[in-house]
Amino acid sequence: MSQSPVFKPVTHVIFDMDGTLIDTESIHKKTYKKIAAEYGKEFPDDLRGKILGRQEFDVAALIIDTLKIDLTPREFLDKVNAIESEDLTKVKLMPGVEDLLEHFRRNSVPMAVATSSSMSSYRMKTSHLQDCFSVFNHVVTGASDPEVKHGKPAPDIFKICASRFPDNPLCNQCLVFEDSSNGVTAAAAAGMQVVMVPDFSSADSQSRANATLVLDSLEDFCPEMFGLPPYSIELYL
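No experiment lies behind these values; they were computed from the predicted model shown.

*Asks:* Help me out: how do you make sense of the nonpolar core in this one?
*Replies:* A general feature of soluble globular proteins is that nonpolar side chains tend to end up buried together. Counting 33 residues, the largest nonpolar core has Phe 15, Phe 104 and Phe 177 as the members making the most contacts within it. If you list the elements that add at least two residues to this core, you get β1 (12-15), α5 (97-106), β2 (111-115), α7 (130-133) and β4 (174-178). Here this core takes four residues from α5, the largest share from any one element. In this structure, Phe 104 is in contact with Val 13, Phe 15, Val 109, Met 111, Phe 177, Phe 221, Pro 223 and Leu 228, ignoring residues within four places of it in sequence. Residues Ile 14, Ala 112, Ile 160 and Phe 165 belong to the second largest nonpolar core, which totals 21 residues.

Written out as structure tokens, the structure reads:
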């Protein structure tokens, strides 16, 4: 009989945003396919896996270079913003997010967001979800934060995010929630445990192996596995 995995207790949690907290990845996929088609190109699924979790300019540059599209990264992002501006202001939370955030809030678990988006993009995507996003101690936006020198899969954003909690926890005291392979690699490189809730069409076997735990949905997360307060049925009746 195989032994159950042993997880280490944590005190703080850090969430990726796109594809983890909010359902934006399906919108992005549709947009990238549309732009590629304008230039007579196809947007392959394996490219989607490579760009997930990266900073916006890195995403644009990688798509342009791979598909040989005659655009600058800024021009590409302007096209993306023009197409998505309305849809992203209506984006919905991923399953399980609202209950998990409320549970952590009620139990005073410190929370933060580490997203590869820019601050302007973050605000556009979350302006209609402030009841949920107001629970975070802070937000690090990798594409616009001057301290984040290297985007995911580098560990910079998670280390910086941990350092901005008032009590400055050690990296191994933080648990990360991620959907992308690049994000998992970044969190692991930062010395943090990471729960992966992958987009199954783009998650590779290596990122699954690097993740501390892989779940189908945040609805399946059991906080007590990492030493966090368990859900109380009575609390939500």
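*Asks:* Teacher, can you tell me more about the packing of aromatic side chains here?
*Replies:* Two measures describe an aromatic ring pair: the distance that separates the ring centres and the angle between the ring planes. Counting across every chain of the model gives 10 aromatic pairs. Between the aromatic rings of Phe 133 and Phe 136, the centroid separation amounts to 5.6 Å while the plane-to-plane angle is 55°, which identifies the pairing as tilted. For Phe 136, a relative accessible area of 9% gives the class buried. Ring geometry for Phe 221 and Phe 226: centres 6.0 Å apart, planes at 25°, overall stacked.

Criteria and cut-off values
- Residues numbered from 1 in each chain as written.
- Predicted model: local features only at pLDDT ≥ 70, side-chain atom pairs only at ≥ 80, totals over all residues.
- Heavy atoms only, no water.
- Core = buried A, V, L, I, M, F, W, Y, C linked by side-chain atoms within 4.5 Å.
- Buried < 20%, exposed > 50% of the residue type's maximum accessible area, 1.4 Å probe, protein only.
- Helix = DSSP H or I, 4+ residues; strand = E, 2+ residues; numbered from the N terminus.
- Contact = heavy atoms within 4.5 Å.
- Phe/Tyr/Trp six-rings, centres within 6.5 Å; stacked < 30°, edge-to-face > 60°.

Nothing here speaks to function; it is all geometry.
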